[in-house]
Amino acid sequence: MLSAEIRSALWLSVEVAVAATLLNAIVGVPLAYALARRRFIGRGLVDLIVTLPLILPPTVTGYYLIVLLGRRGVLGAPLYSFTGWTVAFTPYAAIIAATVMALPLLVRTARAAIESVDRDLERASFTLGRPEWRTALEVTLPLARNGILAGLVLAFARALGEFGATLMLAGNIPGKTATMPLAIYTAVQSGESDEALLLVGILTALSCVVLIAAERLGARAR
Amino acid sequence: MSANSPMGLSVQLVKRLPDFSLEVDWQAGSEVVALFGPSGAGKSLTLQCLAGLTRPDRGRIVVGGTVFYDSDAGIDVPTQARRLGYVFQNYALFPHLTVEENVGFGLRARPRDERRGRVGEVLDRLDLRGLAARRPRELSGGQQQRVALGRALAVDPELLLLDEPLSALDAPLRRQLRRELVAVVREWRKPTVLVTHDLSEAFQLADRVVVYEGGRVVQAAPRAELLSAPASAQVARLMGVRNILSGHVVKAAIDRIQLDWRGQVLEAVNSPSHSYLPEAGTEIAFFIRPEYVRLIRKDRSPRDGHHMNTMAGRVVREEDSGTTWTLYFRLDAPGPPVHGDYDLEIEVPRMVYEILEIARDRAWELSVHRGSIHVLPT
């Protein structure tokens, strides 16, 4: 009943969103902890760079990603000359674009949750002999858990719907980099309004589920 | 002094913050020390420096022969290695852990069996066995306090730090828990530093009191000495002493001081710890405890010879303080009263107030024993 193209767009979208969410957890949670609890040189700059994709037009963020990772990019050129491989226009590019676009949502939500943990609890852990990293794992992060999970759900939703930056870095290759938002664009452009409607419905339903989940987690966090 | 005794505590700290500076230096033996003073005097900051949670700008902290901090020698032992028991103002129990896990939190480095044994022992001693599986939010204030104490004591700390341990509780519960706290602190016999702004708490729990004001220590003394010989009018005021008065020296000797106040000559015992011999005419501060002022009964004549420093006047106002009445007394002596419309506060037990019919009978003579007039160095 679903066409091959729609099915591939759906699975690709889910795969990209899951991968981007995992990357967000690995990179974003430590980043949120550092921003909430540590004073270091360049903290303001890190905060700014992480938050920018929230404000910038996605195409601008995508442009920066090309400058960084494209075949002639700052990191992309050496990678290409060593391996002959470039990340641009591959599914990995879609994952990277979605990760960067979702990161500010996770970092901001997780950071607020971590900041709301009573510092005396961490101090109590220090006086009981726990070093800071163990205090973070055993006290701070468990107590900020619901806020962090809510942030991850939001990041998943953002990754699922990513369009602009993905188009810039990964392109719109059916079956390879065309995620659902891109497939919707293609369908509308080529006048396949039934297909577009179906995709829009699926994406709307998924987003609703995700939002409700985030809301519940957020309510428990408070 | 006790500063060099192996169990002692020696604290010298300088810490400057944008709107506050702490500069203190005090010593204590292996006893319970109360840091007493108004809010914002630097007591909690001192405790945080002792714990290593805040780093002083300069100074030296030695606990039981171990140097925790020495700015000259570049020593700063991290909090984790100081072997502390710290009881926070709001207890800071881990809300996601059970009572048992809270108490065992500081023991994770020990083998499992040993840890379980120690936790069980602490739970038994603090009567918490039945609550082992509960979470902190399911406990009463008193139970939370015991868990906080148990968690701190389970690690066998070299130093127990208590930050306003009773301030989170309301009055009746506080009295009961103060008794429990006294029992626990006495039983465990750890060098203890307690922060409090409640004088009765300081007196019940501590052997030695360090009085703080504005980031400085204004007196450090055994508790008995503090009340009988406050180091200054400032200390007396901080301790809530009433009837702090000012007169002029008439004659000073090693054991007695005569002073002129409101046109009367009063005789006082000179300070037992350090006699002052100020010249005649020098202004001198002194205080008279309201509960040591005696009303002279009119129905007992002829007057016996026990009265000295007698003064005549009237009760102008009174306040019902529950078990006692506070009388505001104005001397008949000419000149304006010291405090607006009265000169002295007098406290009498409720029964005395009723028997003497003070509500009806306002004119009285009173006397103060010379030992109850305390002169204060200025």
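Residues numbered from 1 in each chain as written. Chains lettered and ligands numbered in written order. Predicted model: local features only at pLDDT ≥ 70, side-chain atom pairs only at ≥ 80, totals over all residues.

Undergrad: I'm lost on the overall build of chain A in this one. Help?
TA: Within chain A, the regular secondary structure consists of 11 helices and 0 strands. Along the first, second and third principal axes, the C-alpha set of chain A runs to 65 × 45 × 25 Å. A total of 222 residues make up chain A; the buried ones form 43% of that total. Of all intrachain contacts in chain A linking residues separated by at least 6 positions in sequence, the fraction that spans at least 24 positions is 74%. (Helix = DSSP H or I, 4+ residues; strand = E, 2+ residues; numbered from the N terminus. Buried ≥ 20, exposed ≤ 12 C-beta atoms within 10 Å, placed from the backbone. Contact = placed C-beta atoms within 7 Å.)

Undergrad: Please clarify how the domain arrangement of chain B should be interpreted in this entry.
TA: When the parts of a complex come together, some accessible area is lost, and that lost area is often taken as the interface size. For chain B, the assigned domains read domain 1 (2-230), domain 2 (236-288) and domain 3 (290-369). For domain 1 of chain B versus domain 3 of chain B, the distance between C-alpha centres works out to 43 Å. (Domains from an automatic or database assignment.)

Undergrad: Quick question: what am I supposed to make of the sheet that holds strand β9 (residues 192-196) of chain B here?
TA: Sheet strands pair via backbone hydrogen bonds, and the direction of the pair is either parallel or antiparallel. Residue and element names in this part refer to chain B. The 6 strands are arranged β7-β8-β9-β3-β10-β11 in an open sheet whose pairing can be described as mixed. Strands with a single pairing partner mark the edges of an open sheet, and in this sheet they are β7 (84-87) and β11 (216-222). Ignoring strand direction, the axes of neighbouring strands in this sheet form an average angle of 15°. By the bridge criterion, 4 bridges tie strand β8 (residues 159-163) to β9 in an arrangement that is parallel. Across the sheet, the residue bridging to Leu-160 is Thr-192, located in β9. This element, helix α4 (residues 141-154), spans β7 and β8 of the sheet and lies at about 170° to β7. (Pairing = 2+ DSSP bridges. Axes fitted to C-alpha atoms, helices over the stretch in contact; angles between N-to-C directions.)

Undergrad: Would you take a moment to explain the interface of chain A and chain B for this structure?
TA: Contacts between chain A and chain B engage 14 residues on the former and 16 residues on the latter. Contributions of two or more residues to the side of chain A that touches chain B are made by α6 (119-127) and α7 (132-143) of chain A. Top contributing element to the side of chain A that touches chain B by residue count: α6(A), with 6 residues. Taken together, the residues of the side of chain A that touches chain B break down into 8 nonpolar, 2 polar and 4 charged. (Nonpolar A, V, L, I, M, F, W, Y, C, P; charged D, E, K, R; others polar.)

Undergrad: Looking at this structure, how should I read the nonpolar core?
TA: One recurring pattern in soluble globular proteins is that nonpolar side chains are buried together. Core analysis: the largest hydrophobic core is formed by 156 residues, its most contacted members being Ala97(A), Ala98(A), Leu169(A), Val33(B), Leu161(B), Leu194(B) and Val210(B). Ranked by residue count, the leading element in this core is helix α5 (residues 91-115) of chain A, at 16 residues. In contact with Leu169(A), not counting residues within four places along its chain, are Gly62(A), Leu65(A), Ile66(A), Leu69(A), Ala88(A), Ala93(A), Ile96(A) and Ala97(A). (Core = buried A, V, L, I, M, F, W, Y, C linked by C-beta atoms within 7 Å.)

Undergrad: Explain the pairing of strand β17 (residues 311-320) of chain B to me, please; I cannot follow it from the model alone.
TA: Along any regular strand the residues' side chains alternate between the sheet's two faces. Residues and elements named next belong to chain B. Note that β17 and strand β20 (residues 363-367) share 4 bridges and pair antiparallel. Each residue of the ladder has a partner; that of Arg-314, found in β20, is Ala-363. The pairing of β17 with strand β18 (residues 324-331) spans 7 bridges and is classified as antiparallel. Among the inter-strand pairings, Arg-317 is bridged to a residue of β18, identified as Tyr-328. Counting the residues that bridge the hairpin from β17 to β18 gives 3 residues, and of these Gly-322 lies at a positive phi of roughly 95°.

Undergrad: What is the right way to look at unusual backbone geometry in this model?
TA: Apart from glycine, the bulk of residues carry a negative phi angle, and the bulk of peptide bonds sit in the trans form. Residues and elements named next belong to chain B. The backbone phi angle of Asp-127 is positive, close to 60°, even though this residue is not glycine. Mapped onto the elements, Asp-127 comes out in the loop between α3 (112-125) and α4. Look at Asp-127 and you get exposed, because 12 C-beta atoms sit within 10 Å.

Undergrad: Explanation requested: the environment of Ile358(B) in the structure shown.
TA: Within the secondary structure, Ile358(B) is located in the loop between α9 (350-355) and β20. For the pair Ile358(B) and Glu318(B), spaced 40 residues apart in sequence, the C-alpha separation works out to 9.5 Å.

Undergrad: Any chance you could explain the environment of Gln12(B) here in plain terms?
TA: Residues and elements named next belong to chain B. When you line up the elements, Gln-12 lands in strand β1 (residues 9-17). Residue Gln-12 is classed as partly exposed on the basis of its 18 C-beta neighbours within 10 Å. Measuring from C-alpha to C-alpha, the distance between Gln-12 and Asp-70 comes to 9.3 Å, with 58 residues separating the pair along the chain.

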